[in-house]
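Observations on the three-dimensional arrangement
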Amino acid sequence: TTMTYTKLTNDTDYYIYCYGLTPQGEVTTDFYKKKFTTTPVDKVDLSLSLETSNITQTSADLKVIPSNNDVTYFWTYVSEMDWTKYDLNFIMDNMVQNVLEVVASGADINTIIHRGPSGEKVKDLWKGTRYHLVGWGMDEMGTPTTSPMEFGTFTTLPEDVTSNCTFKVDFPVIKDNDMQIHIV
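Presented here is an overview of the structure given in this document.

Cut-offs applied
Residues numbered from 1 in each chain as written. Predicted model: local features only at pLDDT ≥ 70, side-chain atom pairs only at ≥ 80, totals over all residues. Heavy atoms only, no water. Pairing = 2+ DSSP bridges. Helix = DSSP H or I, 4+ residues; strand = E, 2+ residues; numbered from the N terminus. Axes fitted to C-alpha atoms, helices over the stretch in contact; angles between N-to-C directions. Buried < 20%, exposed > 50% of the residue type's maximum accessible area, 1.4 Å probe, protein only.

Turning next to the sheet that holds strand β7 (residues 118–122). Across the sheet, which stays open at both edges, the three strands sit in the order β3-β4-β7 with antiparallel pairing between neighbours. Every other strand in the sheet has two partners, leaving β3 (48–53) and β7 as the edge strands with one partner each. Averaged over neighbouring strand pairs, the angle between their axes works out to 20° when direction is ignored. Two elements, β3 and strand β4 (residues 60–66), share six bridges in a ladder whose sense is antiparallel. Across the sheet, Thr52 pairs through a bridge with Leu62, a residue of β4.

Below, the structure written as structure tokens:
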């Protein structure tokens, strides 16, 4: 019997298990298992750099420049809040999964990954927030060909201060599980 499996993860150990069964589900042979490893993806030499312009409170023009214009890659930006919660591999794995889902629904991956310099005007950003650019090499199958890397940051402009108001904060009651706040 020949069986074909697709969508296995590259450079990963797998096991095949088999044993004989009767039509009634009774085991008729010893249990057999054999390990195999999928081939690793060829890693590429790639670094990315960032040029920013026209940064406002909620948008920025980003230009990503690869060290090798023949290598395909993917990049994204992450807010400071998410940057502190997630590591680079989590960000990459999550985005790769998103890309593969979009491709599975009919999109052409070549409209998602980049070759040569790429740019985008990013919008709907948070005011006064630092953003981190993360990228990695990615082939036409959606497989990463480099480790993820942070290659730049930018900060949106802060919200305009509209008054010289000051605040005084007191905590008249603090208990084990609750507290009272008084703001003047």
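The next thing to look at is unusual backbone geometry. Note: most peptide bonds trans; most residues except glycine with negative phi. Residue Asn54 is not a glycine yet carries a positive backbone phi of 50°. Positionally, Asn54 belongs in the loop between β3 and β4. Asn54 gets classed as exposed once you look at its relative accessible area, which sits at 52%. Despite not being glycine, Asp124 shows a phi value in the positive range, around 60°. Here Asp124 shows up in the loop between β7 and β8 (130–137).

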